[in-house]
Amino acid sequence: MAMAAWARWCYRHKWTVILLWIVLLFGTTGASSSLGDKYANVFGLPGTDSSKAIDLMREAFPEQAGESDTVVWHVSEGSVRDADVRQKMSTALGVIAKQPDVGSVVSPYDPAGAAQISEDGRTAYATVTFTKQGNELEVGQMEDLIDAAREPAGDGLDVQVGGATVALAEAPPAHLSEIVGVLAAAVVLFLAFGSLFGMLLPIVTTLFAVGTAASVIALLSRVTTVPEVSTWLAMLVGLGVGIDYALFIVTRHRKGILAGKTPEEAAVQAVNTSGRAVMFAGGTVCIALLGMFALRMTFLNGVTISAALTVVITVVAAVTLLPAMLGVLGLRVLSRHQRRKLAQDGVSSPAKARTAERWSVFVERHPRVLAAAAFLTMVVIAIPALSLRLGTSDQGNNPETTTTRKAYDLLADGFGPGFNGPLQLVAEVPTPADRAALDGLVADLRTTDGVARVVPVPGAPEAKVVVVQVVPSTNPQSEKTSDLIEHIRDDVVPAAEKGNDMRAYVGGGTALAEDFASTLAGKLLGFIGAIVALGFLLLLVAFRSIVVPLTAALMNLIAAAASFGVVVAIFQWGWGGELLAAGRPGPIEAFLPVIMLSLLFGLSMDYQVFLVSRMHEEWVHNRDNARAVRVGLAETSRVINAAGIIMICVFSAFMLSGQRATAMFGLGLAGAVALDAFILRTVLVPALMHLAGPANWWLPAWLDKRLPHFAVEPPEEAPERSGGPGTVVHGIVHTPDGSPVSGAAVTLLSAEGGQTDRVLSHADGGYVLTAPEPGLHVITVGAEDYAERTVTVMITDGPVQQDLNLGGADALAGGPPEH
């Protein structure tokens, strides 16, 4: 009742609630704009070689802390040492050196940069070091850098610019993904509702929630460590779940109005039923996300908090702002046609979901074949996941048209494929004898298979920390490079450390990415087990069943495996990668499995709860498993499919971001939702539940006594009746050929002609009427495309079954009523 009372308060005080949300949105936006953000892309891997190497580097070379970008040039003929080339590039580098925040420019034409020219003399590069970190630089500065560097290009001279911050200058317009996703969702909502206002409700609610969340995350970054990736991930999550949550509530609200309820009662009922399911689903997403704290990865903490906070705000908006806006719109949430028909005919039959009904019956008749086909389909799609290899994208994965990708390729061609990802061997040499041991290590590395070049970095002779650059002969994302790192750490370095105090650590960006992937991979199975167990427990309590949560756990694992299969095939194997802007094939982002699994767990729970709660409600009323599964699927599949299409549109739009990691998340989540909504929840789950029969709802008596009781989505409140228990008539409304008729208006009249009850038949044609007292009654039934029929029935103290044939001439059911 507390939920219903809260919904009623929001509905009646609509302008107060809307004003509070406006103040919250603009207040947080204004605060974040004036104070600014302090995103920090900081993560550490305590106990790893790369982490130790970074710590030593920071102590020994604190001046090398700013953003570093690279200007690369290549001549098709001659040499980069030619006078005209040298003059053009020196002038350009001079212009760059005078740009704001540029600390130094090391040219290959200077003594310090003599090694920055390739052996064939046709490729060279200059290193541009800024005085600020990359996140402190503006896109405009990167555009100026690109323009100045490429000014001399032409006449056989190719100039490109590489660098992490440079890539931001080539990104599509800001928020393009979000705009496209929202527009696509709006189209789907309009087609589903046929109402402009009905379409706007989920969109406006979600935009308020996501906008507020984005501003709060920016403010949060000022008090704790929040990576910049948190913002777009929060947008992706917020838009996806926010529109879906609002869709569930608006759908229930519209259904209530069409069933004859006032807009206020329909809104209260929607929030008290679907709103509860939304809170449950949102809670599971948050719990799964917060489970990432168990990984003890500092980098993920800010991401976790930001995503969970966004989900919380979307849920709050769905149960507060949405009912307030429903109060403003009233009947306008319906289409004009629906409002006109409601005014003329009173209670209106909902549009028949004939396709959903037929599909539900088809699944009931062929559960074994459909379950096998769906399972095999998912297994085939999941096969690529067996070759999943975690790593980190670099600029070699950028689209071929970008200057960063071209610079990467020029360096790889001129200096070798491993040049873009050199290893940094950082050694502690406390004594001269230890320095001699380091010299022996350098000699061993030069003869190690897979090493192209070993270059000690110049430093003071008495320095206690020495850096040696080791360039692999393979590119940074190659498995051979990973094997080389492992070989150096496990074999080459330990052999050189024997008998002395020298200690060497393999660091650098490539080694750091390898350590990050290995660390996450080692914790992945435990994380999967934890969130699957959590889902099992939640559904066990919600549906008081052993089989239902076991089925859900299996579906979560299948959905995850299949979604990773899609991601691996496109991004790692390269199937259609360029067409989908996936860039050059490479490993899957190391942090993608953890975050995607958290989100998939929550999203899968949304659909599972929505589907099974309707089945469970029917099972509680009739104790007929086949009917429960059939009705549940028929009445929820349309909404699940609509919600799935919306999520697919929103997630797919993030492939327009221009960033491989973002596109990977978007495609992975879109694929997962598609497989979940259209194969798992509408085929495999109902087929398996038909095969399981009443065992779906079995729970040991001893466990039932110990579990707490709560309803995920309580049944709609029925009007109070004076009749006692058992004064009920029920049955099926059908056509002469036995096909069920949904949405038929079934009315119970007393012998004197007064109406005692009125209902609409379910998706399978079923209806239940309640009489105030036993005695002779009349049932009338009517539906669109059929003439109204009547039948006389004697209601006794026990339930009476009466099937209603809409095709009959006078009597509706063959034979006398059953008592």
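Note that the coordinates shown come from a computational prediction; the quantities given were computed from them, not determined experimentally.

Describe unusual backbone geometry, with residues and values.
Within the chain, aspartate 101 stands out as a residue other than glycine whose phi angle is a positive 70°. With a phi close to 55°, aspartate 155 is a non-glycine residue in the positive phi region. With respect to the helices and strands, aspartate 155 occurs in the loop between helix H5 (139-150) and strand E4 (157-162).

Help me get a handle on the nonpolar core, residues and values and all.
Membership of the largest hydrophobic core comes to 160 residues, with the highest contact counts inside it found for Leu300, Leu520, Ile595 and Phe651. Ranked by residue count, the leading element in this core is helix H9 (residues 229-258), at 18 residues. Leave out the neighbours within four places in its chain, and leucine 300 touches Leu295, Leu520, Phe591, Val594 and Ile595. Core analysis: the second largest hydrophobic core is formed by 26 residues, Trp73, Met89, Leu145 and Ala148 among them.

Describe the packing of helix H14 (residues 354-365) against helix H23 (residues 660-692), naming the residues involved and giving the relevant values.
Here H14 crosses H23 at 50°, and the two axes come no closer than 9 Å. It follows that H14 is oblique to H23 by the angle criterion. The element H14 and its partner H23 pack so that their crossing is right-handed. Every residue of H23 that contacts H14 at Trp359, Val363 and Glu364 is listed here: Thr682, Val683, Pro686, Ala687 and His690. For the contact of H14 with H23, the class distribution of residues is five nonpolar, two polar and one charged.

An account of the packing of aromatic side chains is requested, with residue identities and associated values reported.
Enumeration according to the criterion identifies nine aromatic pairs in this entry. An aromatic cluster of three or more residues is present, and its members are Tyr125, Phe415 and Phe419. Sitting over the ring of phenylalanine 197, arginine 332 keeps its end group 5.5 Å from the ring centre.

Cut-offs and rules
- The numbers attached to residues start from 1 for each chain and follow its sequence in the written order.
- It should be noted that, the model being predicted, local features are given only for residues of pLDDT at least 70 and side-chain atom pairs only at 80 or more, the latter also being counted only at that level, while totals for whole chains, interfaces and linings use all residues.
- To get the side-chain values, take all heavy atoms of the structure and skip hydrogens and water.
- Numbering goes from the N terminus for both helices and strands, where a helix is a DSSP run of H or I of at least four residues and a strand is a run of E of at least two.
- For the purposes of this section, nonpolar cores are sets of buried Ala, Val, Leu, Ile, Met, Phe, Trp, Tyr and Cys residues that join through side-chain atoms within 4.5 Å.
- Any residue under 20% of the maximum accessible area for its type is buried, any over 50% is exposed, and the rest in between are partly exposed; the area is computed with a 1.4 Å probe on protein chains only.
- Note on contacts: a residue pair qualifies if any of its non-hydrogen atoms lie within 4.5 Å across the two residues.
- Axes here mean lines fitted to C-alpha atoms, for a helix over just the part in contact, with angles spanning 0 to 180 degrees between N-to-C directions.
- Orientation labels follow simple angle bins: below 35 degrees gives roughly parallel, above 145 gives roughly antiparallel, 65 to 115 gives roughly perpendicular, and whatever is left gives oblique.
- Here a crossing is called left-handed whenever its near helix is offset anticlockwise from the far helix by less than a right angle, and right-handed whenever the offset is clockwise.
- All residues other than Ala, Val, Leu, Ile, Met, Phe, Trp, Tyr, Cys, Pro, Asp, Glu, Lys and Arg, Gly among them, are scored as polar; the first ten of these are nonpolar and the last four charged.
- Between the rings of Phe, Tyr and Trp (Trp by its six-membered ring), a pair exists once the centres lie within 6.5 Å; its type follows the angle of the planes, with under 30 degrees stacked, over 60 edge-to-face, and the other angles tilted.
- Over a ring means this: the NZ of a Lys or the CZ of an Arg is within 6 Å of the ring centre and within 35 degrees of the ring normal.

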